[in-house]
Amino acid sequence: MSDRLPLSLLVILMLVVGGCAGGTMVVLTPDTEGKTGAITVSNQAGSVDIASPNQGTEVRSSTAAPPPPAAVSRETITALFSDALSIQPKAPVHYLLYFEKDLVLTPDSARLLPEILAAIKERSSTDISVVGHTDTVGSREYNMTLSVRRAGSVRDLLVRQGVDPDHIRTTSHGKENPLIKTADNVNEPRNRRVEVVVR
Amino acid sequence: MRSFLITVFAAFLVLSGNLPGMAAAPEHAGIVKSLAGEVAIERNNAPLKAEANMKILKGDHIRTGKNGKVGMIFEDDTVVSVGPNSRIVIEDFLFQPSEKRLSFITRIVQGTVSYLSGQIAKIAPAVVRIETPHATVGLRGTHVLVKVD
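What comes next is a walk through the structure.

About the thresholds
Along each chain, numbering runs from 1 in the same order as the chain's sequence is written. As a convention, the first chain written is A and the first ligand written is 1, with the rest following in written order. In keeping with the model being predicted, local features are shown solely for residues with a pLDDT of at least 70 and side-chain atom pairs are shown and tallied solely at 80 or more, while totals for entire chains, interfaces and linings include all residues. Computation of side-chain values covers all heavy atoms of the structure but excludes hydrogens and water. Only DSSP runs of H or I with at least four residues qualify as helices, and only runs of E with at least two residues qualify as strands; both kinds are numbered from the N terminus onward. For every residue, the accessible area obtained with a 1.4 Å probe (protein chains only) is divided by the maximum for its type, and the residue is called buried under 20%, exposed over 50%, and partly exposed between those limits. Two residues qualify as a contact provided that any one of their heavy atoms is within 4.5 Å of a heavy atom in the partner residue. Values of accessible area rely on a 1.4 Å probe in the Shrake-Rupley scheme; residue burial ignores everything except the protein chains shown. In this description, strands pair whenever DSSP reports at least two bridges between them. Every axis in this analysis is a line fitted to C-alpha atoms, fitted for helices over the stretch in contact. Angles between the N-to-C directions lie between 0 and 180 degrees. We call Phe, Tyr and Trp rings a pair once their centres come within 6.5 Å, taking the six-membered ring for Trp, and we label the pair stacked below 30 degrees between planes, edge-to-face above 60, and tilted otherwise. Put simply, buried area is the surface a 1.4 Å probe can reach on two separate parts but cannot reach once they are joined, added for both. A pairing counts as a salt bridge when a side-chain nitrogen of Lys or Arg comes within 4 Å of a carboxyl oxygen of Asp or Glu. Polar contact is the term for a pair of N or O atoms within 3.5 Å; when the atoms are in protein, one must be able to donate a hydrogen and the other to accept it, and sequence-neighboring residues count only if both atoms are side-chain atoms. The span expected for a helix works out to 1.5 Å for each residue beyond the first. Bend, in this description, refers to the angle at a residue between axes fitted to the seven residues ending there and the seven starting there.

Looking only at helices and strands, chain A features five helices and ten strands. Of all 199 residues assigned to chain A, the portion counted as buried reaches 42%. When contacts within chain A are restricted to residue pairs at least 6 apart in sequence, those whose partners lie at least 24 apart make up 61%. About 10200 Å² of surface is accessible on chain A, with carbon and sulfur atoms providing 56% of the total.

The side chains of a regular strand alternate, first on one face of the sheet and then on the other. Along strand β1 (residues 24-29) of chain A, six of the six residues are buried, which leaves the element largely enclosed by surrounding structure. Neither face of β1 of chain A is exposed, since T24, V26 and L28 of chain A on one face and M25, V27 and T29 of chain A on the opposite face are all buried. Across six bridges, β1 of chain A lies against strand β12 (residues 143-148) of chain B in antiparallel orientation. The partner of T24 of chain A across the bridge, within β12 of chain B, is V148 of chain B.

All names here are of chain A. Pairing within the open sheet is mixed, and its five strands lie in the order β7-β6-β10-β8-β9. If you trace the sheet from one side to the other, it starts and ends with β7 (104-105) and β9 (168-172), each paired once. With five bridges joining them, strand β8 (residues 128-132) and β9 adopt parallel strand pairing. Counted as the bridge partner of S129 is R169 from β9. Sheet strands touched by helix α4 (residues 113-122): β6 (93-101), β8 and β10 (193-198). Its angle to β6, the strand with the most contacts, is close to 155 degrees. With respect to the sheet, helix α5 (residues 140-160) is in contact with β6, β7, β8, β9 and β10, its orientation differing from that of β9 by roughly 160 degrees.

Time to look at the packing of aromatic side chains. In this description, an aromatic ring pair is defined by two values, namely the gap between the centres and the angle between the planes. Residue and element names in this part refer to chain B. Inspection of the entire model under this criterion finds four aromatic pairs over all chains. Each ring, one from F74 and one from F104, has its centre 5.0 Å from the other, and the planes form 55 degrees; the classification is tilted. With F74 in strand β6 (residues 69-74) and F104 in strand β9 (residues 101-116), the pair connects residues that are 30 residues apart, well separated along the chain. Consider the rings of F104 and Y115, whose centres lie 6.1 Å apart with planes at 45 degrees: the pair is tilted. The exposure class assigned to F104 is buried, which follows from its relative accessible area of 0%.

Another aspect to go through is the interface of chain A and chain B. Counting from both sides, the interface comprises 57 residues of chain A and, opposite them, 55 residues of chain B. For the pair chain A and chain B, the summed buried area comes to about 4500 Å², and 60% of that belongs to carbon and sulfur atoms. When the buried area of chain A at its contact with chain B is split by residue, I87, P89 and R199 of chain A rank highest and sum to 13% of it. Taken together, chain A and chain B are joined by three salt bridges. A salt bridge links E75 of chain B to R169 of chain A; the nearest nitrogen and oxygen atoms lie 3.2 Å apart. Where chain A meets chain B, there are 23 residue pairs in polar contact (both at pLDDT 80 or more). Element by element, the count of residues in the side of chain A that touches chain B is highest for helix α2 (residues 74-86) of chain A, at seven residues.

Moving on, we come to the side chain of H133 of chain A. Residue and element names in this part refer to chain A. Structurally, H133 is set in the loop between β8 and α5. When its relative accessible area of 4% is taken as the criterion, H133 is described as buried. In contact with H133, other than residues within four places in its own chain, are S147, R150, H173, G174, N177, N191, R192 and R193.

Another point: α2 of chain A. All names here are of chain A. For α2, built from 13 residues, the straight-helix expectation of 18 Å at 1.5 Å per residue is missed by more than 12%, its first-to-last C-alpha distance being only 15 Å. The largest bend in α2 is about 60 degrees, located at L80. Within α2 the residues assigned to the buried category are T76, I77, L80, F81 and A84.

Take a look at the structure:
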């Protein structure tokens, strides 16, 4: 342990010195599911692609090309970003509830309700979206009304379980935003749905 | 009579421009989800003390003091958290997927930021970027840490 102290001091010193010089440091890290995407860091002097986890680049000025990606240690990431990471909220969750017909949830979807309530509680969420959709059977008007009623029925289910109605925003898309693109007048169970987003 | 009323209601929805994307005209870009210490949101050059669940609008400046930090969730599921002594600006935010109207530009003036990209970066990565005084970061999904000084 004691032989690690000088190293961390050195890291902090480097950061302080680096900090005075000014610049932008960008580090690509795995997301909460462990997946790493890809980024491009560019300015008028050049561009660099980063696609491996815990690789970064440090750009000194807008007229200096971004250097090639280099590994960034766990210690450096912690020293620089622990404050920002410590306040990072849980990512929102999405649920799809499907309907047998009209306003009747499928048994599988009905069983999801406790999980949705748990997610709301876990996040102390006050920003819940409930979005109604239909399949393409019937007129535009009929389906708009049906999607409004579907969203309302899910909102009512949540409110009956103690969710504050002021925290729920319901919206409705009728048959305009199908999950599965179909021709008109197609009975498609996967399109008869309400999406719930818990933020 | 009932179907007449339904038709009138649906016609109202259509005429008021809410079809097909009733959800697609969000009045806000995101919300303040978590915060500690001194955090302010500057809107139209006037600073507001940030509070949990406060709405964030396009154009807002988010600023943290030396003990301040803040976590935000945007409408497309992007999660942005900001460390102390930082300032970021929501330069542009547009999330209307059904109309393919998408944009998310964040400017980091100073400080430390954790950025977990959301749906816009999945659907249209070309329109998502983080700008700093020294460089522009384009994202094709995932988690990025940025420090600007």
